[in-house]
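The residues making up each chain are set out below.
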Protein chains: 2
Amino acid sequence: MHAEKVSPLAPDKFAELPQIEGVRLNAAEAGIKYTGRKDLAVLCFDEGTALAGVFTQSKCPSAPVDLCRRNLSGGSARLLVINSGNANAFTGVKGEQSVSETASAGANIIGCTPSEIFAASTGVIGEPLDASKITGRLPQMIAEARADGWRPVAEAMMTTDTFPKLATVSTELDGITVTINGIAKGAGMIAPDMATMLAFVVTDVPIEANVLQSLLNETAAGSFNSITVDTDTSTSDTLLAFATGTAGTRGVKSLADVSDPRIGSVREALFSVLKDLALQVVSDGEGASKLIEVTVTGADSSVSAKRIALSVANSPLVKTAVAGEDANWGRVVMAIGKAGEPADRDKLSIWFGDNRLAHLGERDPDYDEDIASAYMQQDKIVIRADVGVGDGQATVWGCDLTKEYVAINGDYRS
Amino acid sequence: MHAEKVSPLAPDKFAELPQIEGVRLNAAEAGIKYTGRKDLAVLCFDEGTALAGVFTQSKCPSAPVDLCRRNLSGGSARLLVINSGNANAFTGVKGEQSVSETASAGANIIGCTPSEIFAASTGVIGEPLDASKITGRLPQMIAEARADGWRPVAEAMMTTDTFPKLATVSTELDGITVTINGIAKGAGMIAPDMATMLAFVVTDVPIEANVLQSLLNETAAGSFNSITVDTDTSTSDTLLAFATGTAGTRGVKSLADVSDPRIGSVREALFSVLKDLALQVVSDGEGASKLIEVTVTGADSSVSAKRIALSVANSPLVKTAVAGEDANWGRVVMAIGKAGEPADRDKLSIWFGDNRLAHLGERDPDYDEDIASAYMQQDKIVIRADVGVGDGQATVWGCDLTKEYVAINGDYRS
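**Q** Go over the interface of chain A and chain B with me, naming the residues and quoting the values.
**A** Counting from both sides, the interface comprises 62 residues of chain A and, opposite them, 62 residues of chain B. Between chain A and chain B lies a buried interface of about 5,200 Å² when both sides are counted; carbon and sulfur atoms form 57% of it. Applying the counting criterion to the chain A and chain B interface returns four salt bridges. A salt bridge links B:Lys94 to A:Glu362; its shortest N-O distance comes to 2.5 Å. One can count eleven residue pairs in polar contact (both at pLDDT 80 or more) joining chain A with chain B. Of all the secondary-structure elements, those providing two or more residues to the side of chain A that touches chain B are helix 2 (92–110), helix 9 (316–323), helix 10 (329–338), strand 13 (362–363) and helix 12 (403–410) of chain A. Of the residues in the side of chain A that touches chain B, the class split is 23 nonpolar, 21 polar and 18 charged.

Here is the structure:
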């Protein structure tokens, strides 16, 4: 099920993630669907690990998403179990039983309550997930988990991903170095045998669960909630942040309040890791050959700007034009027009890179097709539009729509 | 710019449209963009022709759409001028001048007011449209217009369309035969060098403009406003209905009120023509190899049902699965889930044709992959979902997403 060719937008080299005290990781072959590759992973946390989460908006969430939502209120995590190959979504009572069995087994091994166990699954929708394939592996995987096991876990999560996604940032808090590591997967936004977006970050910063949740909500908005591959929302999208708090033993005081003046640097570091991972997800968008950044300015509000930007980034006609290296700004006009948000057609301006192609509701008088076409050969296409009605602005990221996207999603059974 | 291959979903033969008293048509080569083909058309109406219109919801409408909206309030039409090759959209003051010149020229030739002239354009966005290319042709085209000229007009409107779209229905009113003819174009929903949906219907039924408008709103909702090719909304979508009223001379009394008991048969005939044309548009969706019909039942309301149905019909992953003849009902679960409308995951059932694939929130116990896969080889795929929360239902139509769609929209400049 793996794509054979690595995305042309993959990073030149993968981030080397440092160890974070309080978390140990492991990955194994459980034979859930794939053969000859790791498809099961665990993150084991020391006592006192706080967590926060952001989940899919789907009305048909998977059983693991239901479990995470339930257990999130406890604010405490000891184990995360991740599998690829089966999403355990739309599996009814069987799906609930499967995650319950996994949680019970994990709690027994670790000696904690099942409410401290979290799960995430990606893969086929609608096929029952046999929990014994997971629970049978857990004792050894947990016993042998290691602090340096990030890369194999990132790889075990992959479905149609063509490369593992890793990011890390260190910053200073109370004069002491703290770290945030993150891993993610996701290629199309979702689907059977396919994608879903999963992302997990772990930090040693001591921080209360509610403060972490607040930071995660803020930083997810401008990162994972500002990317799109194909408008299709997974039943299983899960972003979890874990704080082992182990930097506390090195003298970092706990962040117990969102108004703590030290919170800025943690927010910045967290956003940096999330954005890095989010852009890696888009860069591995199914069939993607180009990354598209869309910034909308002059909108009625930032919410309105984001809706317009997503309308552009999601437009099949904009995406195919980028794939064809065609500076087709008329399709951007169309996509702005269809967003249904306030925009003044006769004040509208559009740039591709630094080249202004349209101005004040008409083709730019200095429009030069050769310059515009030359720009379209870049790997990253930056589209900016000013819609002329206010001060709202937003940036989102997407990718182009290629024949390979259709092949990946249409040909794979035939 | 014409596709070389006719859509596999094209009708076996084109409808032969009868003459309708009070309208004469013509088409000519104006060299607006294409060479060696007709790209300009006129419909000339006798005095007393009422009209109604439904237009794009785009916030960046074309100059002809602005003109039609302005003139619609007069309720009276003498001339419709249609061109392909240039959308006259995002052309600022020049675009307004271009349609004004066309309207003035038409009014002078016919001897009416410019407010009785209507225009529709499809083609490139952002390029000024030289009105003289149109006005220079009008005198002869109007003088030589004929009652039997439907097919050449339908052809002159084409852009990436692979076949002309024609439909006709006759019914009885006051014991007398009346007729509704219609023509349409549209392939992708929009774009430079590309599509846009234009549709024009003409009837001899005597009917007041406001009654016609009411009927058109009702019937457009279940036809042209229930189809989707790629979610992309044109700057130029235009549906106009003209009533010459000439059946009045044969004894049909005028329809002056929506509560007239005779209105039912006209509504039915109008809906029949619009739906026929709408399905032809979808069947010629860019790159389409299969027509997709999506019916949602058990929704909170008919509005909610339509939103869910469109979420399914627009999902790239559903569309690519259909292209790949993959009975991938898990993607339908995803698309229902992402619609954001009320749905009970655990009561959800999904059918492909007569085959129930999912039931009460799980894969159907009788699921048979061979039967489901065999069904997917049909030209028309009927997807039905019951979302288990109410009585709302709706049906929409779309098409699959193929590599040819990407090629048509991404390759054409390269």
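Next, the rest of the story.
**Q** Give a detailed account of the relation of the copies chain A and chain B, specifying residues and quantitative values.
**A** In screw terms, the move from chain A to chain B is a rotation of 180° and a rise of 0.0 Å along the axis, fitting with an RMSD of 0.0 Å. Such values leave the two copies arranged in the relation of a two-fold axis. Across chain A, the rotation axis passes nearest the C-alpha of A:Lys403, at a separation of 2.4 Å. The share of interface residues of chain A whose copies in chain B are also at the interface is 100%, consistent with both copies meeting through the same surface.

**Q** So what's going on with the pattern of salt bridges? Residues and values would help.
**A** Any two side chains of opposite charge can pair, so long as their charged atoms come close to each other. With the rule as written, the count across this model stands at 32 salt bridges over all chains. Between A:Arg345 and B:Asp66 there is a salt bridge, with its nearest N and O atoms 2.9 Å apart. Of this pair, A:Arg345 sits in the loop between helix 10 and strand 11 (349–352) while B:Asp66 sits in helix 1 (residues 63–72), each in a different chain. No difference in accessibility class separates A:Arg345 from B:Asp66, as the two residues are buried.

**Q** How would you sum up the packing of helix 8 (residues 302–314) of chain A against helix 10 of chain A? Please name residues and give values.
**A** All names here are of chain A. Where helix 8 meets helix 10, the axes come as close as 8 Å, and the angle between the chain directions of the two elements is 135°. Looking at the two axes, helix 8 sits oblique to helix 10. Both helix 8 and helix 10 take part in a crossing whose hand is right-handed. On the side of helix 8, the interface is formed by Ile308, Ser311 and Val312, while helix 10 contributes Val332, Ala335, Ile336 and Lys338. Tallied by class, the residues present in the contact of helix 8 with helix 10 amount to five nonpolar, one polar and one charged.

Rules and cut-offs
Residues numbered from 1 in each chain as written. Chains lettered and ligands numbered in written order. Predicted model: local features only at pLDDT ≥ 70, side-chain atom pairs only at ≥ 80, totals over all residues. Heavy atoms only, no water. Contact = heavy atoms within 4.5 Å. Buried area = accessible area lost by both parts, 1.4 Å probe. Salt bridge = Lys/Arg side-chain N within 4 Å of Asp/Glu carboxyl O. Polar contact = N/O pair within 3.5 Å; in protein donor to acceptor, adjacent residues only side chain to side chain. Helix = DSSP H or I, 4+ residues; strand = E, 2+ residues; numbered from the N terminus. Nonpolar A, V, L, I, M, F, W, Y, C, P; charged D, E, K, R; others polar. Least-squares fit on C-alpha atoms with pLDDT ≥ 70 in both. Buried < 20%, exposed > 50% of the residue type's maximum accessible area, 1.4 Å probe, protein only. Axes fitted to C-alpha atoms, helices over the stretch in contact; angles between N-to-C directions. Parallel < 35°, antiparallel > 145°, perpendicular 65-115°, else oblique. Left-handed = near helix turned anticlockwise from the far one by under 90°.

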